[in-house]
Amino acid sequence: MSTFTMYTTPWCGYCHRLKSQLDREGIAFDLVDIEQQPDAAFLVEQANGGNQTVPTLVFADGSAQTNPSLAQVKDKLAALA
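Residues numbered from 1 in each chain as written. Predicted model: local features only at pLDDT ≥ 70, side-chain atom pairs only at ≥ 80, totals over all residues. Heavy atoms only, no water.

A few points about the pattern of salt bridges
Rules: What makes a salt bridge here is a side-chain nitrogen of Lys or Arg within 4 Å of a carboxyl oxygen of Asp or Glu, nothing more. The way it works is that DSSP assigns letters per residue, a run of H or I at least four long becomes a helix, a run of E at least two long becomes a strand, and they are numbered from the N terminus. Each residue gets one of three labels from its accessible area relative to the maximum for its type: buried under 20%, exposed over 50%, partly exposed in between, using a 1.4 Å probe on protein chains only.
Within the structure shown, the criterion is met by three salt bridges. A salt bridge links lysine 19 to aspartate 23, with the nearest nitrogen and oxygen atoms 2.9 Å apart. You can see lysine 19 and its partner aspartate 23 sitting in helix α1 (residues 13–25), four residues apart, about one turn around the helix. Its relative accessible area of 41% is what places aspartate 23 among the partly exposed residues. Between lysine 76 and aspartate 61 there is a salt bridge, with its nearest N and O atoms 2.9 Å apart. One end of the pair, lysine 76, is in helix α3 (residues 70–80); the other, aspartate 61, is in the loop between β3 (56–59) and β4 (64–66), with 15 residues separating them in the sequence.

Written as structure tokens, this is what we have:
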């Protein structure tokens, strides 16, 4: 069961790195390509002051993190548990 959604693009190196780290840790998440889903791009802009900055993670509580480290994601997930 995923606890957050990662908004990404295919060409984003930071996204690939974080995705690999999360996969390695066995952390489940949904992945959305903002270039394929305009509504998702708008959501990312809202979370980032009008910018399409990725990776942007949106958690079950509605909060967001932009380009977080693996440690920041783990801390957030622990706080939500």
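Some details on the packing of aromatic side chains
Rules: Aromatic rings from Phe, Tyr and Trp, with only the six-membered ring used for Trp, were paired whenever their centres fell within 6.5 Å, and each pair was classed as stacked if the ring planes differed by under 30 degrees, edge-to-face if by over 60, and tilted otherwise. Here, over-ring charges are defined by two tests on the NZ atom of lysine or the CZ atom of arginine: distance to the ring centre within 6 Å, and angle to the ring normal within 35 degrees.
Summed over all chains, the structure comprises two aromatic pairs. Between phenylalanine 4 and phenylalanine 29 the ring centres are 5.6 Å apart and the planes differ by 5°, which places this aromatic pair in the stacked class. With phenylalanine 4 in strand β1 (residues 4–8) and phenylalanine 29 in the loop between α1 and β2 (30–33), this pair connects stretches of sequence that are 25 residues apart. Judged by centre distance (5.3 Å) and plane angle (45°), the rings of phenylalanine 4 and phenylalanine 59 are tilted. Note that phenylalanine 4 is positioned in strand β1 and phenylalanine 59 in strand β3, a separation of 55 residues in sequence. For phenylalanine 4, a relative accessible area of 2% corresponds to the buried category. Judged by its relative accessible area of 4%, phenylalanine 59 is buried. An aromatic cluster is present here, built from Phe4, Phe29 and Phe59 joined pairwise through their rings. Here the guanidinium or amino end of lysine 76 rests over the ring plane of phenylalanine 59, the centre of that ring lying 5.9 Å away.

Side note on unusual backbone geometry
Here valine 54 and proline 55 are connected by a cis peptide whose omega angle stands at 0°. Here proline 55 shows up in the loop between α2 (38–47) and β3. Although it is not a glycine, asparagine 67 sits at a positive phi angle of roughly 50°. Considering the arrangement of structural elements, one finds asparagine 67 in the loop between β4 and α3.

So, the nonpolar core
The cut-off we apply is this: Note on terminology: a nonpolar core comprises buried Ala, Val, Leu, Ile, Met, Phe, Trp, Tyr and Cys residues joined through side-chain atoms within 4.5 Å. Contact between two residues is taken to exist if any of their heavy atoms lie within 4.5 Å; hydrogens are not considered.
Of all hydrophobic cores here, the largest spans 11 residues; its members are Phe4, Met6, Leu18, Leu22, Ile27, Phe29, Leu57, Phe59, Leu70, Val73 and Leu77. Looking at this core, the elements that each hand over two or more residues are β1, α1, β3 and α3. A per-element tally of this core places α3 first, with three residues. Those residues within four positions of leucine 70 in sequence are excluded, and the remaining contacts are Leu18, Gln21, Leu22, Glu25 and Ile27. Ranked by size, the runner-up nonpolar core spans 10 residues in total, among them Tyr7, Cys15, Ala41 and Val44.

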